[in-house]
Amino acid sequence: MNTIEGSRESFFGKPWLVNSIVIMLFVLGFGIRMVDLTDVPLDFHPTRQFLSATKARGMYYQFANDVPEWQREIAIQRWKDADVFEPSVNEAVVAGLYLLFGEHLWLARIASSVYWLLGGLALFALSKRIASVDGAILALAFYLFLGFGVIASRAFQPDPLMVALILAGLWSFERWHTKQTWKWTILTGLLSGLAIFVKTVAVFPLLGAFAFVILSTRGLKQSLKDPQVWALAMITVLPTAIFMIDSIYISKSSNLSADLRFFPSFWVDPTFYVRWKNMIGNTLGFGAFFMALLGMFLAKPGKDRSLLLGLFAGYIVYGLMFSYHFITHNYYQLPLFVFVSLSLSVAGNVLFQRLKEINNSSIIARLSVAGIILFAMAFEMWNVRVELVRDDDRAEPQFWAELGEKLGRSSNVVGLTQDYGNRLAYWGWKPTEQWPTTGDQNLRELAGKAKTFDEIFTDRIEGKDYFVVTNFNQFDRQEELKDKLFDTYPVLEQNSGYIIFDLQHPLEAQ
């Protein structure tokens, strides 16, 4: 991935200057992700981050010395009981960092940020080949500094690693398509297979890109006769296929059920597409997405255009398959960074070529364009910094630790608490059974699996000692639950942070 390659004709000047710009982008990109590093991970989808944190802690506590045995037991058990949606690759990496440096959640932020930046290297190398070094600089600036991407790419979840591996797989695939050697066949299969292994949804952009390029340049008949194509497909899908067979049919540890994920009824609902459009606008920006759509048709016909068309087609299928989560969970848009960034490199190449023609690469034009890009980067970086430092959540662990101690180690608790009880379980060492939120209940209604209030209440409180409430927003929205608890059970303790109901001594019994 030589940075200098192709930079002699750059709008920005000589190779050393281009290299300096690229290095500056990576340094600033890493630096902005380190802002507010040691704050607790409540800034971006904390429920999803706590799932990874729980698994990493369990792995770490298997080998950690000088930890209380009761905490070791809880940590390992919660890891074993945690939902399994994909292999715990990122969690294993972070657990290894814990063994080296201690259990610090901010180590996961560093790991995710490094993944994202490594993906930027692959993006830059691939963008130079399908566009130019100038287009690659524009794509890299978008990829590294868009506000949503900065915050999402440092989250403790597998998505940053998945995106980086998708980009690495596409870079390797382009080299394979050009050179047609077994070395590139194997490397492409390994990188792409690892991307899908880390998170299965990587299959959509990768399969789309591979299929469009191979079929458009070779045709179906020739592709089916090529042993390298078959080897590439086998290496790519084999790791995930083994994992899914084991987790679904052998160990039965997986939570890959489609019951609460697949909603074909959304496909004929215009509101779904409006919300999808709004989600794109709120994450990557609809303007950038629109330019990326135009970029597909500015790409060179053949391999390059087919690559972008395949990525876009894969994204559309991905959105239809996960329709509910696509419009409710913004991190489901992270794979879109791959298509938009690569396509923007093509659009950027056309723009910079035109600027060179008009301005003859004058120093004033170069400085002006560089100033515009720097201003946009600085604007995004400032907004990210403001968002990250706005809330200081460092007091959260102490609050939950005290609540966990108050509830007691041996009690059985059901609760309506933040992040499905993860804060109380992680910092308070108090696992609880969680009362469903209104969103959970709506989702089950969509899936045709709704239960009555009495059914849910009877099931959840059976054998429980306390009902603890800390999520007052949800509590106020569930009047039936609120009335039931206050009318039936005494309040053991109440303050501005929580309410604890005594389920063992109902009021009518008294």
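In what follows, the structure referred to is the one given above.
First, a word on what this report is: a plain description of the structure on this page. (Residues numbered from 1 in each chain as written. Predicted model: local features only at pLDDT ≥ 70, side-chain atom pairs only at ≥ 80, totals over all residues. Heavy atoms only, no water.)

1. So, the overall build of the protein chain
Moving on, step 1. Looking only at helices and strands, the protein chain features 24 helices and 5 strands.
Moving on, step 2. Its C-alpha atoms give the protein chain a radius of gyration of 25 Å, within 12% of the compact-globule value 24 Å for 510 residues.
Moving on, step 3. Counting across all 510 residues of the protein chain, residues that qualify as buried make up 54%.
Moving on, step 4. At a minimum sequence separation of 6, the contacts of the protein chain that also span at least 24 residues come to 76%.
Moving on, step 5. Treating the 45 positive side-chain charges of the protein chain as one cloud and the 47 negative ones as another, the clouds have centres 14 Å apart. (Helix = DSSP H or I, 4+ residues; strand = E, 2+ residues; numbered from the N terminus. Rg over C-alpha atoms; globule rule 2.2 N^0.38 Å. Buried < 20%, exposed > 50% of the residue type's maximum accessible area, 1.4 Å probe, protein only. Contact = heavy atoms within 4.5 Å. Lys, Arg positive; Asp, Glu negative; His and termini not counted. Charge placed at Lys NZ, Arg CZ, Asp CG, Glu CD.)

2. A word on the pairing of strand E4 (residues 491-494)
Moving on, step 1. In this structure, E4 lies alongside strand E5 (residues 499-502), joined through 3 bridges in antiparallel fashion. When the bridges of E5 are listed, Glu-493 appears paired with Ile-500.
Moving on, step 2. Counting the residues between successive antiparallel strands, the hairpin from E4 to E5 contains 4 residues. (Pairing = 2+ DSSP bridges.)

3. Some remarks on a negative patch on the surface
Moving on, step 1. There is a patch of like negative charges on the surface, built from Asp-454, Glu-455, Glu-479, Glu-480, Asp-483 and Asp-487.
Moving on, step 2. Of all the secondary structure elements, the ones that give two or more residues to the negative patch are helix H22 (453-461) and helix H24 (479-488).
Moving on, step 3. For the negative patch, the element with the highest residue contribution is H24, accounting for 4 residues.
Moving on, step 4. Within the secondary structure, Glu-480 sits in helix H24. (Patch = residues over 30% accessible without salt bridge, like charges linked within 9 Å, V, L, I, M, F, W, Y side chains within 5 Å. Areas by Shrake-Rupley, 256 points an atom, 1.4 Å probe, with all protein chains shown as cover. Salt bridge = Lys/Arg side-chain N within 4 Å of Asp/Glu carboxyl O.)

4. A few points about a nonpolar patch on the surface
Moving on, step 1. A contiguous nonpolar patch, built from Phe-262, Trp-267, Val-268, Tyr-273, Val-317 and Met-321 and spanning about 540 Å² of accessible area, is present on the exposed surface.
Moving on, step 2. Within the secondary structure layout, Trp-267 lies in the loop between helix H12 (227-250) and helix H13 (270-283).
Moving on, step 3. When its relative accessible area of 33% is taken as the criterion, Trp-267 is described as partly exposed.

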